[in-house]
Amino acid sequence: MFLSVVIPTYNRLPILQKCLLALEAQDPAAEITGYEVVLVDDGSTDATVSWLRQHSLQLPHLRLIEQEHGGPAQGRNRGVEAARGDVVVFIDSDLVVTPSFLRCHAVALEREWQRRGNRLCFTYGAVINTANFQDPCSEPHKLQDHSFAYFATGNVAIDRQLLEQAGLFDTRFRLYGWEDLELGERLRRLGVGLVRCPEAVGYHWHPALNLEQIPDLIRVERERAKMGLVFYRKHPTRRVRLIIQFTWLHRLLWEALTLGGLLNERSLRPLLAWLIRRGHPGVAMELLRVPLNRLGVRALFAEAKALKGSGPAHSPI
């Protein structure tokens, strides 16, 4: 088995360095004949490309592809098209993996292929969220790290031909969110099974919350709403509406939890600041998620109203 690790990146050099060096430190395995790391730089404006060129000797498995800024869907497609492996592993550029990462994916895939008698499956590794930049792999597994997503490209491995049969990623997803789950819907229709592989561990780093991040978090929610409608217009099903929270139940839930918007990013700011000062940025982030969810759902409904009549029915549950 030859593996191609495909990673899109955009302006994430500090954590990308840790990501790539961890991939160079993989344990050898009998199941793996070789591997490569196909990194697609999505038009980064930081020092990503120059650093990669200066440190190429430290990264013998790396192949760099450069493109103008087009989003992660386009980047992953470019990576798959350039890949030489018969298995593609997707991770994000802010994920730091353990030395046994690739071996665990390979062993689990081979075992499941033999059991099934075909390759209609993919492995889904564990993603542990951490704000510890110096030692991300020291973070313990937490309940909130568990994901119910079917196909999330933060940590999956899949047969390349199967991926190509499904049609790769839809490049209309140029903003944040949903491009991987949309591909997952097409894989599901092909009867592709999810195989959980918790031994293939990746530590997903993101900085601890500070108040300066809030405008960017709001931007992300608005982008996610726009891309959620792209997702739903392709797959106008009850399942997708539940995934993207395009239901009256979700709207009523977040309105109730925020007291109709009285609890918002502005009114909560003093409490968030206090929690951060007390060393509880994770608690602050969980609290902030409540008004962010309301904002995202309201943006989704507004986006649907703006697009009404231009495609499939958008009436939510």
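Scroll up to find the structure.
Sequence order as written defines residue numbering, which begins from 1 separately in each chain. Restriction of local features to residues with pLDDT of at least 70 applies here, the model being predicted, together with a cutoff of 80 or more for giving and counting side-chain atom pairs; totals for whole chains, interfaces and linings are based on all residues. Only hydrogens and water are removed before side-chain values are computed, so all heavy atoms of the structure are retained for them.

**Notes on the overall build of the protein chain**
Here is step 1 of the chain: Only DSSP runs of H or I with at least four residues qualify as helices, and only runs of E with at least two residues qualify as strands; both kinds are numbered from the N terminus onward. Check the secondary structure of the protein chain and you find 11 helices and eight strands.
Here is step 2 of the chain: Each principal axis of the C-alpha atoms in the protein chain carries an extent, and together these give about 60 × 45 × 35 Å.
Here is step 3 of the chain: Only protein chains enter the calculation, and the probe is 1.4 Å; a residue is then buried if its accessible area is under 20% of its type maximum, exposed if over 50%, and partly exposed in between. Counting the 317 residues in the protein chain, one finds 52% classified as buried.
Here is step 4 of the chain: For the protein chain, contacts bridging at least 24 residues in sequence account for 80% of all contacts bridging at least 6.
Here is step 5 of the chain: A total of about 15,100 Å² of accessible surface is found on the protein chain, and carbon and sulfur atoms cover 55% of it.
Here is step 6 of the chain: Only four residue types enter the tally: Lys and Arg on the positive side, Asp and Glu on the negative side; His and the chain ends are excluded. Each charge is placed at NZ for Lys, CZ for Arg, CG for Asp and CD for Glu. For the protein chain, the distance from the average position of its 39 positive side-chain charges to the average position of its 34 negative side-chain charges is 8 Å. By the convention used here, residues are in contact when the closest approach between their heavy atoms is within 4.5 Å. Each accessible area is a Shrake-Rupley result for a 1.4 Å probe, and residues are judged covered by the shown protein chains and nothing else.

**Description of the pairing of strand S1 (residues 2–9)**
Here is step 1 of the chain: With seven of eight residues buried, S1 lies mostly within the body of the structure.
Here is step 2 of the chain: One requirement defines pairing of two strands: DSSP has to find at least two bridges between them. For S1 and strand S2 (residues 34–42), the ladder comprises eight bridges, and the chain directions are parallel. The residue of S2 that forms the bridge with Pro-8 is Val-40.
Here is step 3 of the chain: Classification remark: right-handed applies to a crossover when, strands pointing away from the viewer, the course from the first strand over the helix to the second runs clockwise. Traced from S1 through helix H1 (residues 13–24) to S2, the parallel crossover comes out right-handed.

**Side note on the packing of aromatic side chains**
Here is step 1 of the chain: Any two rings among Phe, Tyr and Trp, with Trp reduced to its six-membered ring, count as a pair given centres within 6.5 Å; such a pair is stacked if its planes are under 30 degrees apart, edge-to-face if over 60, and tilted if neither. Scanning the entire structure with this criterion turns up eight aromatic pairs.
Here is step 2 of the chain: For the pair Phe-246 and Phe-301, a centre-to-centre distance of 5.2 Å together with 70° between the ring planes defines the contact as edge-to-face. Of this pair, Phe-246 sits in the loop between helix H8 (238–244) and helix H9 (248–257) while Phe-301 is found in helix H11 (residues 281–306), placing the two residues 55 residues apart along the sequence.
Here is step 3 of the chain: With relative accessibility at 10%, the residue Phe-301 sits in the buried group.
Here is step 4 of the chain: Through a chain of ring-to-ring contacts, the aromatic side chains of Tyr-232, Phe-246, Trp-248 and Phe-301 assemble into a single cluster.
Here is step 5 of the chain: The ring centre of Phe-133 lies 4.8 Å from the NZ or CZ of Lys-18, which sits over that ring.
Here is step 6 of the chain: By definition, being over a ring means that NZ of Lys or CZ of Arg is both within 6 Å of the ring centre and within 35 degrees of the ring normal. It is Arg-76 that lies over the ring of Phe-169; its NZ or CZ is 5.5 Å from the centre.

Don't take any of this as a statement about function, it's just geometry.
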